[in-house]
Amino acid sequence: RISKKHSRRKRKGRIMLSFIVRMTFEHEDKAEIADILCKLTPASRSEPGCVSYIPHFVEGEPCTVLIYEQYADEAAIEHHRATPHFHQYAVKGLYQ
């Protein structure tokens, strides 16, 4: 199960966009989820317009991951969603 929360913040007169993605998964999938995040995170952080990309497992909820994402603008989010690593690790991995 995946849920997303969005917010907009101004940075130097421009609106930045932030997301909090919350995912729950089966306990037996935890190692696979961790592996996917270890590959997706550095690739996402290296994108132009990615301000921050911070995934973590929730303390006390071992089958829940939060990802805090922040982008410079809408174009950066669109770029992120079009990357090969997003499709490989998020669409075909985390979102399955």
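What you are looking at is a predicted structure, and each value in this text was computed from that prediction instead of being measured.

(A) Examining the packing of aromatic side chains more closely. Evaluation of the coordinates by the stated rule reveals 3 aromatic pairs. Plain terms: the ring middles of phenylalanine 19 and tyrosine 71 are 6.4 Å apart, the flat faces sit at 70° to each other, and that makes the pair edge-to-face. Taken as a pair, phenylalanine 19 in strand E2 (residues 14-24) and tyrosine 71 in strand E4 (residues 61-71) lie far apart in primary sequence, 52 residues in all. No difference in accessibility class separates phenylalanine 19 from tyrosine 71, as the two residues are buried. Both rings, one in phenylalanine 25 and one in phenylalanine 57, keep their centres 6.0 Å apart while their planes meet at 75°; by these two values the pair is edge-to-face. Taken together, the residues span a long stretch of sequence, with phenylalanine 25 in the loop between E2 and helix H1 (30-45) and phenylalanine 57 in strand E3 (residues 50-58) at a distance of 32 residues. Under the relative-accessibility criterion, phenylalanine 57 is labelled partly exposed at 30%. When the ring centre of phenylalanine 57 is taken as reference, the NZ or CZ atom of lysine 30 above it lies at 4.8 Å.

(B) Representation of the pattern of salt bridges in the model. In total, this model carries 2 salt bridges according to the counting rule given. With a closest N to O distance of 2.6 Å, glutamate 61 and arginine 22 form a salt bridge. Taken together, the positions of glutamate 61 in strand E4 and arginine 22 in strand E2 put the pair 39 residues apart, joining distant regions of the chain. Residue classification places arginine 22 among the partly exposed positions, given a relative accessible area of 29%.

(C) Representation of the environment of threonine 64 in the model. Checked against the element boundaries, threonine 64 lands in strand E4. Setting aside its immediate chain neighbours within four residues, threonine 64 contacts Arg22, Met23, Thr24, Phe25, His56, Phe57 and Val58.

Cut-offs used in this document
- Residues numbered from 1 in each chain as written.
- Predicted model: local features only at pLDDT ≥ 70, side-chain atom pairs only at ≥ 80, totals over all residues.
- Heavy atoms only, no water.
- Phe/Tyr/Trp six-rings, centres within 6.5 Å; stacked < 30°, edge-to-face > 60°.
- Helix = DSSP H or I, 4+ residues; strand = E, 2+ residues; numbered from the N terminus.
- Buried < 20%, exposed > 50% of the residue type's maximum accessible area, 1.4 Å probe, protein only.
- Lys NZ or Arg CZ within 6 Å of the ring centre and 35° of its normal.
- Salt bridge = Lys/Arg side-chain N within 4 Å of Asp/Glu carboxyl O.
- Contact = heavy atoms within 4.5 Å.

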